[in-house]
Each structure stands twice: as structure tokens, then as C-alpha cells.
Amino acid sequence: MGPDEAIDAPPTFIDPNSWNEATGWLLQLSGTTRIYRGQRDYSWTLKNRLARDLQRLPENTNKFALENSVIGFFMDQAAGLLPSVPDEHDLQGWLSLMQHYGAPTRLLDWSASPFVAVYFAYEQASDSDAALYALDPYFCRRQFVGSLLPMPWDHTGTMAHSNTDKDGNTVVTYPAREQYRRNRENELLRWAILQRSRWPLPTIPFDQDARMSAQQTIFTLIGDIDGVVDELFDKETWPAPVERMPGGFIAGTDSTAWPLIWPGQLLTKIRLRQEWRATALQTLTKMGITAASLFPGLDGLGRAATGHLESGRLGLRDVLTGLSPM
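Residues numbered from 1 in each chain as written. Predicted model: local features only at pLDDT ≥ 70, side-chain atom pairs only at ≥ 80, totals over all residues. Heavy atoms only, no water.

Let us now look at the pattern of salt bridges. Under the criterion given, the structure shown has 15 salt bridges. The shortest N-O distance in the salt bridge between aspartate 15 and arginine 273 comes to 2.9 Å. One end of the pair, aspartate 15, is in the loop between β1 (13–14) and α2 (19–30); the other, arginine 273, is in the loop between β9 (267–272) and α12 (277–286), with 258 residues separating them in the sequence. Assessed through its relative accessible area of 24%, arginine 273 is described here as partly exposed. (Salt bridge = Lys/Arg side-chain N within 4 Å of Asp/Glu carboxyl O. Helix = DSSP H or I, 4+ residues; strand = E, 2+ residues; numbered from the N terminus. Buried < 20%, exposed > 50% of the residue type's maximum accessible area, 1.4 Å probe, protein only.)

Laid out in C-alpha cells, this is it:
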């Protein structure tokens, strides 16, 4: 049996016939290591806000210089508006903060929950079908760092790791004692930018507020600002391999990993029909996934009130006090 026959091709595009069938796919995907993004228009591509905003500017615009200036502008202004801000060298922290407050960045928002992603796909009424994307973060990270350690980060700082360079020199390190997770992650993000990689690099923010925690936020960063994640749908357009970041404490070899053969292993797209919206939002409400839960505070409550109106249904308290359900 050849390597292409060893693994069945996972579906790349899924077009369910009903909301119940779509729910079955969501439950199946939730048993994997995927991350999820919902978009209210099925025709939209997975392109970051910074790239979309830069498209409106003249073609000779120095995109990197302007992005750099925007980050600096935000850093200067935010310092007087927030009680605390990231360290000025913490790229991930600043990009996460900018994304959180709607500034243009090269990040895309994802969630660890497919149902949270469905909420964002259906949050705003639309005449178009919506889309749910499911991305495998493990395969994407492998493009930058090779096989990952077969264990979580060693928080006790007691596990030794050996790294042998191409000349056969072996160095033993205790990464959790000698490196900071935040610094290591920032090095990886900067490496992706330097390589102008078109592979999405998943990264989990270290400083999560109540909103990020509720939404189970994960970001992807694109090294090439103009990179479109949809390139992963076609193996012929898979981005060129990235020169992997030197150093670190990577264990094992790629031969021990599940081979990457089919586009569906990387990225799946599910069509969410516009006519399922009301039923889907009612299902999510019963699961506790509402604007009020995903946006803790009065801002979320206001959004939840709008959703309550759009549902056209009475609340349970109204029903219990004598009004008939609609």
C-alpha cells in the first residue's frame, strides 16, 4: 500500500442538506484538533483585515512600512488609554490587542469551538449563505518548526532536551528554565514575517481577557501580508515550504508524523445555508452561546437584545408569566 492509499481523503468542501446534518459534521470535526472560523458570506476568502485595507491604497504603497507605522501609532495611543499594555517587544501581545479593538492587523480570528464559529457566521443577518472553516493547526505549525515535542511545555523546568546540529554537535538544554514561552513565540512570529510565509501560523495569545476566553480565541498570522488561507484548498497552490526557524528544542523527525497528503487534512469549508440561521441561533442559545456569553458586559447584552428581537420569539420568562410562545 502506497502512502497516498494509507489515509482516506478527508472532505474539503461539505454542503449539508439540513441544519441537523450540518450539526453532525460539527460534532465530528470537534473530535479533531481543528480550529474554526465563521464568515457570514460563503464567497468571502480567508484574508486578513490589513491586506484588505491595503488593497484600497496605491499599488506602490510600502505595505510593510505602513503596517509598522500603524503598530507604532497604536502602541503610542493605547498607553494612555489602558491600565496596562504589553511590553514593547511583545509582538504577539500588541497584535492581539490591536485585533481585539478592531485595528487592522495581519491576524485572523479563530475559535477552538466550531459552535462559537457558527455563531459568528450567523451573528449578522445576510442574504447569502455563510461559511464555517476548519483548519488543522498542527500541520500549519509543522511548516515552521518541524515535528513538535511529544509533550506540553515543561512548566517545572526539569526535562532536558538535546539538539544536534548539522555538524553533529549536541547541546542539552532545559527550555522551560532557559527560555520564556512568550519570547519563543514572538521569535516564531517574526520568523514567519521574515520568510514572507504564506502558510498560516496558529498562535494562542498569552494575555487573554474575559472575551478571548469566552470565545476560545486563537489567531493565525500570515508572513506574507497578501497571503490567502484558501490557497490550502488546492494542493497545487500550497505555499512553498518555509525555511524552518533555527535553534530551539525540536524533538523527533517528520517521519514520525501523520503524512500530509490531502487538502482536507489542512482545511475544510462547510456551507451554512441562510435559511438555517434562526434554527441555528436557537440551538446555540440553548447551548449557552450568545452575544451575552461571548461578549461579557453591557456591550454583549446590547448585542444579545438585538438577537432576541431578530428571533421573533418570546423569552421563557414571558411564556411562564402567561403569554403564549410564538
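For the rest of this paragraph, the subject is the environment of glutamine 265. Positionally, glutamine 265 belongs in helix α11 (residues 263–266). Linking glutamine 265 and phenylalanine 139, residues 126 residues apart in sequence, is a C-alpha distance of 8.3 Å. At 2.6 Å, the side chain of glutamine 265 forms a polar contact with the backbone nitrogen of tryptophan 262. (Polar contact = N/O pair within 3.5 Å; in protein donor to acceptor, adjacent residues only side chain to side chain.)

Summarising the element assignment, tryptophan 110 is placed in strand β3 (residues 107–111). Residues tryptophan 110 and phenylalanine 219, 109 residues apart in the sequence, show an inter-C-alpha distance of 5.7 Å. In contact with tryptophan 110, other than residues within four places in its own chain, are Ile35, Tyr36, Arg37, Leu46, Tyr133, Leu135, Gln216, Thr217, Ile218, Phe219, Thr220 and Leu267. Side-chain polar atoms of tryptophan 110 contact the side chain of threonine 220, separated by 2.9 Å. (Contact = heavy atoms within 4.5 Å.)

Burial analysis of helix α7 (residues 137–145) places seven of its nine residues in the buried class, the great majority of the element. Taken together, the buried positions of α7 are Pro137, Phe139, Cys140, Arg142, Gln143, Phe144 and Val145. Considering only its buried residues, α7 is in contact with β2 (35–39), β4 (130–135), α9 (181–194), β7 (200–203) and α11. The N-cap residue of α7 is aspartate 136: its side-chain oxygen and the backbone nitrogen of tyrosine 138 are 2.9 Å apart.

Looking now at the nonpolar core. Judged by nonpolar contacts, the single largest core of 42 residues is most densely connected at Trp110, Phe144, Leu232, Leu266 and Leu267. At the level of secondary structure, the elements contributing two or more residues to this core comprise α4 (63–78), α5 (91–100), β3, β4, α7, α9 and β8 (217–222). (Core = buried A, V, L, I, M, F, W, Y, C linked by side-chain atoms within 4.5 Å.)

So, on to the confidence of the model for the chain. With 88% of its residues at a pLDDT of 70 or more, the chain shows a mean pLDDT of 85. A low-confidence stretch, residues 1–6 (pLDDT under 50), is modelled with four contacts involving residues beyond four sequence positions or located in other chains. (pLDDT = per-residue confidence, 0-100.)

The next subject is the packing of α7 against α9. At a closest axis distance of 11 Å, the pairing of α7 and α9 adopts a crossing angle of 80°. As summarised for this structure, α7 and α9 are arranged roughly perpendicular, according to the angle between their axes. Here Arg141, Phe144 and Val145 of α7 lie close against α9, whose contacting residues are Glu185, Leu188 and Ala192. Tallied by class, residues from the contact of α7 with α9 come to four nonpolar, no polar and two charged. (Axes fitted to C-alpha atoms, helices over the stretch in contact; angles between N-to-C directions. Parallel < 35°, antiparallel > 145°, perpendicular 65-115°, else oblique. Nonpolar A, V, L, I, M, F, W, Y, C, P; charged D, E, K, R; others polar.)

A few words on the packing of aromatic side chains. Going through the model one piece at a time under the given rule, you end up with seven aromatic pairs. Relative to phenylalanine 233, the ring of phenylalanine 13 has its centre 4.6 Å away and its plane inclined at 35°; by these criteria the two rings are tilted. On the criterion of sequence distance, the pair formed by phenylalanine 13 in strand β1 and phenylalanine 233 in the loop between β8 and α11 is long-range, its members being 220 residues apart. By the ring-pair criterion, three or more aromatic residues cluster together here, those being Phe13, Tyr133 and Phe233. The side chain of lysine 269 reaches across the aromatic face of tyrosine 42, ending 3.9 Å from its centre. The ring of tyrosine 42 is capped by arginine 271, whose NZ or CZ atom sits 3.8 Å from the centre of that ring. (Phe/Tyr/Trp six-rings, centres within 6.5 Å; stacked < 30°, edge-to-face > 60°. Lys NZ or Arg CZ within 6 Å of the ring centre and 35° of its normal.)

Now for the side chain of aspartate 41. Tracing the sequence through the fold places aspartate 41 in the loop between β2 and α3 (49–54). The buried charged residue aspartate 41 lacks any salt bridge, with arginine 40 as its nearest oppositely charged partner at 6.9 Å. With residues near it in sequence (within four places) discarded, aspartate 41 still touches Ser128, Asp129 and Ala130. (Lys, Arg positive; Asp, Glu negative; His and termini not counted.)

Bridge count for strand β5 (residues 161–164) against strand β6 (residues 170–173) is four bridges, and the pairing is antiparallel. Across the sheet, the residue bridging to threonine 164 is threonine 170, located in β6. Where β5 folds back onto β6 in an antiparallel hairpin, the turn is made up of five residues, including glycine 168, whose phi is positive at roughly 90°. (Pairing = 2+ DSSP bridges.)

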